[in-house]
Amino acid sequence: MINCKERIEGLLSDVTRGIYEKETDVALALLAALAGESIIMLGLPGTAKSMVARRLKPCFMDARGFEYLMSRFSTPDEIFGPVSITMLKTSDKYERVTDGYLPTADVVFLDEIWKAGPAIQNTLLTVINEKVFRNGDREIRLPLKLLVAASNELPTKGEGLDALWDRFVIRLESCSIRLEQNFKKMLLDDDKYSSDVTARNPISQEEYAEWKNEISKVHIPDTVFHVIFSIRRALQAVRIDNDEHRSVYVSDRRWKNIARLLKTSAFVHDRCEVEKTDMLFLHHCLWQEPEERNPIRDIVVRCVFDEESSKIADIKGRMADDIRRHRTNPLFRGACDYSSEIDHLADRISNMERTVNGNIFVSPEERKIITGYLKEMYKALAFMRQDMMKLED
């Protein structure tokens, strides 16, 4: 297994210098690149959506970039290259001159993606899904590692955009800077890191290919599948507010791509097996409407720790039964070694918490929410330790 986490943390440290509250967005974009997936960023103008793509390019050695702002009048020539007049004249072949355009880029940023016409969108489906581009009678294997799309709005329903929307496995909401101290730093920043950012140890093409093979070998255990099944069931009735429950559709293709992301997360964290805590970023992959994201995040957290939560409830129930028996028969001291069970469960939860705190793809805000959830578990364990004393009265 390649020692990867330190390398990735170093890259992210290099390329996130001088940006504020976008570290997790950049990390998730790099995760998508290593998994061979694409991301979309939704947000108002001026929220650093394009910067995420620009900061990813230095992560890859000699990487080429391509950026374009779509409009209703954009043509395939502007994205995939103009038609070669020479080839038409000399060989009667319809081929594009692709150098300097999307087919030759490693990292691509397409702004206002939904404004592109059907000809561009249909070609992008194949580009994103298969990493190939048909140029005349030739099929070209693309060097594309990451496509970042951006928009100020969701795709309009009923206009045939569902297939393209489904291709973006990670969906991020790009917001303005929240914390005032960060906002102040941004205002005072002289933008010395805004361009020409370099990474000290970028990923070579050979490494990228090697990592791709290693990621495929990462194992997904049954414990993780059980969590996936639980999340999938819970998505059939997502509670948006007190009055609304909504069924959130996630295609089989998206679940397949999510499995690849989970393997990549495990690989990045120097493991050959996916752990449940690798799933804590999945809410970015599962929502269809922005208001679904936080309720789905709560579902994911609950499902990830459901086994531990159920174990707490089981011990608590058995202990209550034994306390009742002890009250009627003071010689009865309990049927189990509750102390060992509680200690073992506390160690397990503590280990999971350490894994969460070391997870590159969990934001500080999300970490606080998870810590609060685990705090309730620790509190329940503390109460059970107090209840154990009742068996000794």
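Scroll up for the structure.
Below is a summary of the structure that appears in this document. All values reported here derive from a predicted model rather than from experimental measurement.

1. Observations concerning the overall build of the chain
Piece 1. Of the regular secondary structure elements, the chain holds 16 helices and nine strands.
Piece 2. Sorting the 393 residues of the chain into buried and exposed places 49% on the buried side.
Piece 3. In the chain, 58 positive and 64 negative side-chain charges are present, and the distance between their average locations comes to 1 Å.

2. Structural notes on helix H3 (residues 49-56)
Piece 1. H3 sits mainly inside the fold: six of its eight residues count as buried.
Piece 2. Of all the positions in H3, only Lys 49, Ser 50, Val 52, Ala 53, Arg 55 and Leu 56 are classed as buried.
Piece 3. Turning to H3, the residues buried within the fold contact helix H1 (5-15), helix H2 (23-35), strand E1 (38-42), strand E3 (107-111) and strand E6 (146-151).

3. Remarks on the environment of Arg 271
Piece 1. Positionally, Arg 271 belongs in the loop between helix H11 (252-268) and helix H12 (283-286).
Piece 2. On the basis of relative accessible area, Arg 271 is assigned to the buried category, the value being 16%.
Piece 3. With 118 residues separating them along the chain, Arg 271 and Glu 153 place their C-alpha atoms 37 Å apart.

4. Side note on the layout of surface pockets
Piece 1. Considering only enclosed or pocket space, the largest pocket measures out at about 780 Å³ in volume.
Piece 2. Glu 21, Thr 24, Ser 363, Pro 364 and Glu 365 are the residues nearest the centre of the largest pocket, which is lined by 33 residues in total.
Piece 3. Elements supplying a minimum of two residues to the lining of the largest pocket: H1, H2, strand E7 (168-173), H12, helix H13 (293-304) and helix H16 (364-388).
Piece 4. With five residues, H16 is the single largest residue contributor to the lining of the largest pocket.
Piece 5. The wall of the second largest pocket is formed by 21 residues, among which Gly 36, Lys 131, Leu 144, Tyr 208 and Lys 212 lie closest to the centre.
Piece 6. Sorting the residues of the lining of the second largest pocket by element identifies H2, helix H6 (118-130), helix H9 (205-216) and H11 as the ones contributing at least two each.
Piece 7. Residues that form the lining of the second largest pocket fall into these classes: eight nonpolar, four polar and nine charged.

Rules behind the numbers
- Residues numbered from 1 in each chain as written.
- Predicted model: local features only at pLDDT ≥ 70, side-chain atom pairs only at ≥ 80, totals over all residues.
- Heavy atoms only, no water.
- Helix = DSSP H or I, 4+ residues; strand = E, 2+ residues; numbered from the N terminus.
- Buried < 20%, exposed > 50% of the residue type's maximum accessible area, 1.4 Å probe, protein only.
- Lys, Arg positive; Asp, Glu negative; His and termini not counted.
- Charge placed at Lys NZ, Arg CZ, Asp CG, Glu CD.
- Contact = heavy atoms within 4.5 Å.
- 1 Å grid on protein atoms, 1.4 Å probe; cavity = no way out; pocket = protein on both sides within 12 Å on 5 of 7 lines; lining within 4 Å.
- Points joined across faces, edges and corners; volume = space filled by probe spheres on them.
- Nonpolar A, V, L, I, M, F, W, Y, C, P; charged D, E, K, R; others polar.

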